[in-house]
Amino acid sequence: MTEVLTFTGVQLRRGDNPILRDIDWSVDSSERWVVLGPNGAGKTTLTNLASARMHPSEGTVQVLGETLGHTDTQDLRTRVGLTSAALADRIPDDETVRDVVMTAAYGVTGRWREEYEQVDETRAENLLAAFGMQSFTERAFWTLSEGERKRVQIARALMTDPELLILDEPAAGLDLGGREELLAALSELAGDRRSPAMIMVTHHVEEIPPNFTHALLLREGRVIAQGPLHQTVTSANLSQAYDMPVALHAHQGRWTARKA
Ligand SMILES: Nc1ncnc2c1ncn2[C@@H]1O[C@H](COP(=O)(O)OP(=O)(O)O)[C@@H](O)[C@H]1O
Ligand SMILES: [Mg+2]
């Protein structure tokens, strides 16, 4: 048991606007968390703190044992794998799939003058193979489908062998087949004891991969509920988070939700 993340009394303001309020949260290395909540609830902001890309206005955030504000965040960021729409936008279109993954070893997007070792190349190729992308290594990133891009981005996030993996809406924009393939890959990753601690942001319970263990529900910057998945993802808690009566159904490790 190792704590990878500890939020204590965290507030985050932008100007006069409170974006996150009274957040107390801790994540253990063996846990796989899903963060749920409506648009604007503060989910991406939470991941920006957890990946050392922002500092809290009040309270303390500890990431991998280091307290934000008292540590070199550049160093810390290489220990946290992150995928988000903002990062994906920075990948040059003509970059090959292999380079998209390999450049993560240097914390850059876009290959320039770095010297890569054979071991980096092999690792990138193995990660791509783990996500079913082994035949795409030479392709330009822009030629991929949205689902293929998402899988490449996760391989990239794992390139530095992170101790914490954060996925901000990895299934957004995917068709049914693409979503199901991605969830199967994430479920397998989550079920492997050698995998890093994981945090996946979504606003759909349909996107919770089997093998995830915990959930945190956010609404308007506040935690509505958090804890073990099955005790936390309930009709009552979702109704509160989404501010409407929600009917929830669980079937074979997956969920569906609709307005009650
Ligand atoms: N840099 C910023 N300046 C001002 N407001 C922001 C900024 N970033 C996010 N917000 C606001 O904070 C709230 C939460 O945003 P975000 O964390 O992106 O939510 P989510 O990812 O849950 O949709 C939103 O109301 C958003 O408009
Ligand atoms: Mg967001």
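About the thresholds
Residues numbered from 1 in each chain as written. Chains lettered and ligands numbered in written order. Predicted model: local features only at pLDDT ≥ 70, side-chain atom pairs only at ≥ 80, totals over all residues. Heavy atoms only, no water. Pairing = 2+ DSSP bridges. Helix = DSSP H or I, 4+ residues; strand = E, 2+ residues; numbered from the N terminus. Axes fitted to C-alpha atoms, helices over the stretch in contact; angles between N-to-C directions. 1 Å grid on protein atoms, 1.4 Å probe; cavity = no way out; pocket = protein on both sides within 12 Å on 5 of 7 lines; lining within 4 Å. Points joined across faces, edges and corners; volume = space filled by probe spheres on them. Nonpolar A, V, L, I, M, F, W, Y, C, P; charged D, E, K, R; others polar. Buried < 20%, exposed > 50% of the residue type's maximum accessible area, 1.4 Å probe, protein only. Contact = heavy atoms within 4.5 Å. Parallel < 35°, antiparallel > 145°, perpendicular 65-115°, else oblique. Left-handed = near helix turned anticlockwise from the far one by under 90°.

Draft legend 1. Structural detail: the sheet that holds strand β8 (residues 197–202). Across the sheet, six strands lie side by side as β6-β7-β8-β3-β9-β10; this open sheet has mixed pairing. Both edges of this open sheet fall to β6 (80–83) and β10 (222–228), since each of them pairs with a single strand only. Adjacent strand axes in the sheet meet at a mean angle of 15°, parallel and antiparallel pairs treated alike. Here five bridges tie strand β3 (residues 32–36) to β8, and the two strands are oriented parallel to one another. Each residue of the ladder has a partner; that of Trp 33, found in β8, is Ile 199.

Draft legend 2. Representation of the layout of surface pockets within the structure. One number sums up the size of the largest pocket: a volume of about 870 Å³. Mapped onto the lining of the largest pocket, the elements with two or more residues apiece are α1 (43–50), α2 (73–77), β6, α3 (85–88) and α6 (146–158). The element that contributes the greatest number of residues to the lining of the largest pocket is α6, accounting for six residues. Among the residues making up the lining of the largest pocket, the classes are represented as 14 nonpolar, twelve polar and eleven charged. In this structure, the second largest pocket is lined by 17 residues; those nearest its centre are Leu 127, Ala 130, Phe 131, Leu 158 and Leu 189.

Draft legend 3. Helix α9 (residues 235–242), seen in detail. For α9, every residue scored as buried is listed here: Asn 237, Leu 238, Ser 239 and Ala 241. Each element contacted by the buried residues of α9 is listed here: β3, β9 (214–219), β10, α8 (229–232) and β11 (246–251). Once α9 finishes, Asp 243 follows within two positions and takes phi at roughly 55°, a positive value.

Draft legend 4. How the structure looks around unusual backbone geometry. Even without being a glycine, Asp 22 presents a positive backbone phi close to 50°. Here Asp 22 shows up in strand β2 (residues 17–28). A positive phi angle, close to 55°, is found at Asp 161, a residue other than glycine. Its location among the elements puts Asp 161 in the loop between α6 and β7 (164–168). On the accessibility criterion, Asp 161 (58% relative accessible area) is exposed.

Draft legend 5. Just the packing of helix α5 (residues 118–130) against α6, in detail. At their nearest, the axes of α5 and α6 sit 9 Å apart, and the two run at 135° to each other. Considered as vectors, α5 and α6 are oriented oblique to each other. At the point where α5 passes α6, the crossing takes the right-handed sense. Seen from α5, the contacting residues are Arg 123, Leu 127 and Leu 128; seen from α6, they are Val 152, Ala 155 and Leu 158.

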